[in-house]
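Coordinates in review
What follows is the residue order along each chain.
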Amino acid sequence: GSLDLSYFPRPRVIIREASLSVPGIVTGKLNSVEISPALLALLRGKLHISRILLVSPEFRLNIPKATKKTGKTTAPGPLEETGRILSEISAVIASNLPDLTVIIKDGRLDLQRKSKPSLSFSGINGRLTGPPGDFQVDMTCGSNLWERMWVKATIDPVALKGHGHIETASFH
């Protein structure tokens, strides 16, 4: 990959052809990520990230195998474990990156169990804004289960609870 700095029309860092891998959990790549600081904070000598643009991100997330109850203790299931990880990431974002906007253009996310794709999201385009307060989500995508989905939601970044509207078209 490469790293570019741009100052006009606004300061930003652009990382091209980036990849990420956490063995057994997630792998991914993207064409570019553009990180922009808040101008007013920068003029005051503080670095505050206000916008992140992800262009063509493609990620594969491994969903942990479901576990069975053993006696009185239960290991967390795949949804609980994924929820816990998302809650921790959201809490870090909420406390360290206030007023952040994340924009996704033409993304892809594959959720898989044991190297078999289970659910694929493609053509992901969306905007996530917040905190302070709740995250606002506005997103569209396709899937291997439906042609198109639209999501508009408000989500508490720590509890991962919220409300919203989901509309789908043409289930496969």
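The structure under discussion appears in the preceding block.
I will try to describe carefully the structure that is included in this document.

Cut-off values and rules
Residues numbered from 1 in each chain as written. Predicted model: local features only at pLDDT ≥ 70, side-chain atom pairs only at ≥ 80, totals over all residues. Heavy atoms only, no water. Helix = DSSP H or I, 4+ residues; strand = E, 2+ residues; numbered from the N terminus. Buried < 20%, exposed > 50% of the residue type's maximum accessible area, 1.4 Å probe, protein only. Contact = heavy atoms within 4.5 Å. Polar contact = N/O pair within 3.5 Å; in protein donor to acceptor, adjacent residues only side chain to side chain. Core = buried A, V, L, I, M, F, W, Y, C linked by side-chain atoms within 4.5 Å. Pairing = 2+ DSSP bridges.

1. Re the overall build of the chain
Looking only at helices and strands, the chain features two helices and ten strands. Helices and strands in the chain line up, N terminus first, as β-β-β-α-β-β-α-β-β-β-β-β. In the chain, which comprises 172 residues, the proportion classed as buried is 31%. Considering only residue pairs separated by 6 or more positions, the chain has 42% of its internal contacts joining residues 24 or more positions apart.

2. Considerations on the environment of Asp4
You can see Asp4 is positioned in strand β1 (residues 2–6). Asp4 sits in the partly exposed class, given a relative accessible area of 30%. Put simply, Asp4 and Arg16 are twelve residues apart on the chain and 8.2 Å apart in space, counted from C-alpha to C-alpha. Here Arg16 takes part through its side chain, which lies 2.9 Å from a polar atom of the side chain of Asp4.

3. Re the nonpolar core
Ile63, Leu111, Leu119, Phe121, Ile124, Val137, Cys141, Trp146, Met149, Val151 and Ala153 together form the largest nonpolar core, which totals eleven residues. Listing elements by their share of this core, those giving two or more residues are β7 (116–130), β8 (135–143) and β9 (146–155). Looking at this core element by element, the count peaks at four residues for β9. Excluding residues that lie within four positions of it along the chain, Val137 makes contacts with Arg127, Leu128, Val151, Lys152, Ala153 and Ile155. Of all hydrophobic cores here, the second largest spans six residues; its members include Leu30, Val33, Ile52 and Val102.

4. Quick word on the pairing of β8
Looking at chain direction, β8 and β9 are connected through seven bridges and run antiparallel. When the sheet's bridge partners are listed, Cys141 is paired in β9 with Met149. Linking β8 to β9, which pair antiparallel, is a turn of two residues.

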